[in-house]
Amino acid sequence: MGRWYLGHREGNPHSRSLEISSHPNPISICPLYLIFLAMRLIVTASIALILLLGLLPAVHCQRTAGEWLDNGTTLAGQARYNESLQAFEQAIALDSNSTLAWLSKGAALLSLGRCNEALEACDEAIRLGPAFAAARHQRGNALRCLGRQDEALKAYEEAISLDSGDADAWNDKGDVLCEMGRHEEALEAYDEGLWLDPDDQDLWQDKGYVLAISGRYNESIKAFQEAIRLDPGDAESWGNIGNALAGLGRFDEALEAYDRALQIDPDLAGAWHNRGVLLKALKEARG
């Protein structure tokens, strides 16, 4: 017999198939065997392709540290803190020298109330980036969470010394000073923050609160009005305006402010309580 090719007889100049050479002592080669051999080659190639395709998604889906960090930030923005923590830990596993990943892990732990662990993460971020103001700021938050106000104040001051333009750091410094009873210094910190960002609603709220507990009711009302200007749905500031008006003896106006707060947020317990206390006092005073 002549030589057989897969799919072609000898003499086809266009054949690119593998040749099965003749034996020195010619023997018959069954066409069925050739078909079987061809099918075997096809199956082997198919298996190899399947295995290759099975590996590709794993390579394609391998995330970088930066992608895990972005994913964690997105999850944190959705208040999915446990998931965001896992993402930040994945980022750290891939890049243990990322100050931002350690800082983000600290923030997630703080949101979960795991204050000691948050402090450890912030300390690691500071070790990696001593001049990273945000890490010192976050460290202050972790220390406040642990009730260590003196150390928290120092951390905020360190953060401000590295970045004096961070209005949030001034706000948190004011908050811890307020907690320590140092109200005038707290107001100075809030004013520094408002000079940097006049549209920071939290700063206006906090300033109004400290002014109110200092007995400076008219000034506190103005601060709360600024907070409401920035957020007309701020029920808490309306309730605090009610408290300040009551402090000034303007009781009817105070009741109107409480009612306004409750129109916005019917579940605002403080407004219900203070409104009830005022009504009771007025009833007793008027006999």
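From a predicted model like this one, the values you see are computed outputs, not experimental measurements.

## A look at the state of the cysteines
Logical step 1: One pass over the full model with this rule turns up one disulfide.
Logical step 2: For Cys115, the disulfide goes to Cys145, at an S-S distance of 1.7 Å. Highlighted residues: Cys115 in helix 5 (residues 115-128) and Cys145 in helix 6 (residues 133-145), separated in sequence by 30 residues.

## Observations concerning the side chain of Asp234
Logical step 1: Structurally, Asp234 is set in the loop between helix 11 (217-230) and helix 12 (235-247).
Logical step 2: Buried within the structure, Asp234 lacks any salt-bridge partner; its nearest side chain of opposite charge belongs to Arg229, at an N-O separation of 11 Å.
Logical step 3: A polar contact of 2.9 Å, which involves the side chain of Asp234, links it to the side chain of Gln205.
Logical step 4: When residues no more than four places from it in sequence are discounted, the contact partners of Asp234 are Gln201, Gln205, Ala227 and Ile228.

## Some points on the packing of helix 2 (residues 65-77) against helix 3 (residues 81-94)
For any two helices packed against each other, one specifies the crossing angle of their axes together with the interaxial distance.
Logical step 1: Contact geometry for helix 2 and helix 3: axes closest at 8 Å, N-to-C directions at 165 degrees. Here helix 3 runs roughly antiparallel to helix 2, going by the angle between their axes. Crossing hand, helix 2 versus helix 3: left-handed. Between helix 2, through Ala65, Trp68, Leu69, Asn71, Gly72, Thr73, Leu75 and Ala76, and helix 3, the contact on the second element is made entirely by Tyr81, Glu83, Ser84, Ala87, Phe88, Gln90, Ala91 and Leu94.
Logical step 2: Across the contact of helix 2 with helix 3, the residue classes tally to ten nonpolar, five polar and one charged.

## Here we look at unusual backbone geometry
Logical step 1: The backbone phi angle of Ala79 is positive, close to 60 degrees, even though this residue is not glycine.
Logical step 2: Note on placement: Ala79 falls in the loop between helix 2 and helix 3.
Logical step 3: Using a relative accessible area of 49% as the deciding quantity, one classes Ala79 as partly exposed.

## Focus on the side chain of Asp200
Logical step 1: Note that Asp200 resides in the loop between helix 9 (183-196) and helix 10 (201-213).
Logical step 2: No salt bridge is formed by the buried Asp200. Its closest oppositely charged neighbour is Arg229, at 11 Å.
Logical step 3: Among the polar contacts listed, one links the side chain of Asp200 to the backbone nitrogen of Asp202, at a separation of 3.1 Å.
Logical step 4: Residue contacts for Asp200: discarding those within four places in its chain leaves Asp168, Asn171, Leu194 and Leu230.

## What about the environment of Gly270?
Logical step 1: Mapped onto the elements of the fold, Gly270 is located in helix 14 (residues 269-285).
Logical step 2: Note on Gly270: relative accessible area 40%, which makes it partly exposed.
Logical step 3: Residues Gly270 and Asn240, spaced 30 residues apart in sequence, show a C-alpha to C-alpha distance of 9.3 Å.

## Some points on the packing of aromatic side chains
Logical step 1: All chains considered together, the criterion is met by zero aromatic pairs.
Logical step 2: The ring of Trp68 has Arg63 sitting right over it, with the charged end atom 4.7 Å from the ring centre.

## Observations concerning the confidence of the model for the chain
Logical step 1: The predicted model of the chain has a mean per-residue pLDDT of 84, with 79% of residues at 70 or higher.
Logical step 2: Contacts for the low-pLDDT stretch residues 1-39, under 50 throughout, to residues beyond four places or in other chains number 26 contacts.
Logical step 3: Low pLDDT, under 50, characterises residues 41-53; the predicted model gives this stretch zero contacts beyond four residues in sequence or across chains.

## Concerning helix 9
Logical step 1: Over its 14 residues, helix 9 runs 20 Å from end to end, which matches the ideal 20 Å to within 8%, given 1.5 Å per residue.
Logical step 2: Inspection of helix 9 places Ala186, Leu187, Ala189, Tyr190, Gly193 and Leu194 among the buried residues, and these make up the whole buried set. Looking straight down helix 9, one finds its buried side chains confined to an arc of 160 degrees; they lie on one side. Seen from the open side of helix 9, the exposed residues pointing more than 90 degrees away from its buried face are Glu188 and Trp195.
Logical step 3: Looking at the buried positions of helix 9, the neighbouring elements they touch are helix 8 (167-179) and helix 10.

Calculation rules
- Residues numbered from 1 in each chain as written.
- Predicted model: local features only at pLDDT ≥ 70, side-chain atom pairs only at ≥ 80, totals over all residues.
- Heavy atoms only, no water.
- Disulfide = S-S within 2.5 Å.
- Helix = DSSP H or I, 4+ residues; strand = E, 2+ residues; numbered from the N terminus.
- Buried < 20%, exposed > 50% of the residue type's maximum accessible area, 1.4 Å probe, protein only.
- Lys, Arg positive; Asp, Glu negative; His and termini not counted.
- Salt bridge = Lys/Arg side-chain N within 4 Å of Asp/Glu carboxyl O.
- Polar contact = N/O pair within 3.5 Å; in protein donor to acceptor, adjacent residues only side chain to side chain.
- Contact = heavy atoms within 4.5 Å.
- Axes fitted to C-alpha atoms, helices over the stretch in contact; angles between N-to-C directions.
- Parallel < 35°, antiparallel > 145°, perpendicular 65-115°, else oblique.
- Left-handed = near helix turned anticlockwise from the far one by under 90°.
- Nonpolar A, V, L, I, M, F, W, Y, C, P; charged D, E, K, R; others polar.
- Phe/Tyr/Trp six-rings, centres within 6.5 Å; stacked < 30°, edge-to-face > 60°.
- Lys NZ or Arg CZ within 6 Å of the ring centre and 35° of its normal.
- pLDDT = per-residue confidence, 0-100.
- Expected span 1.5 Å × (residues − 1).
- Arc of directions from axis to C-beta.

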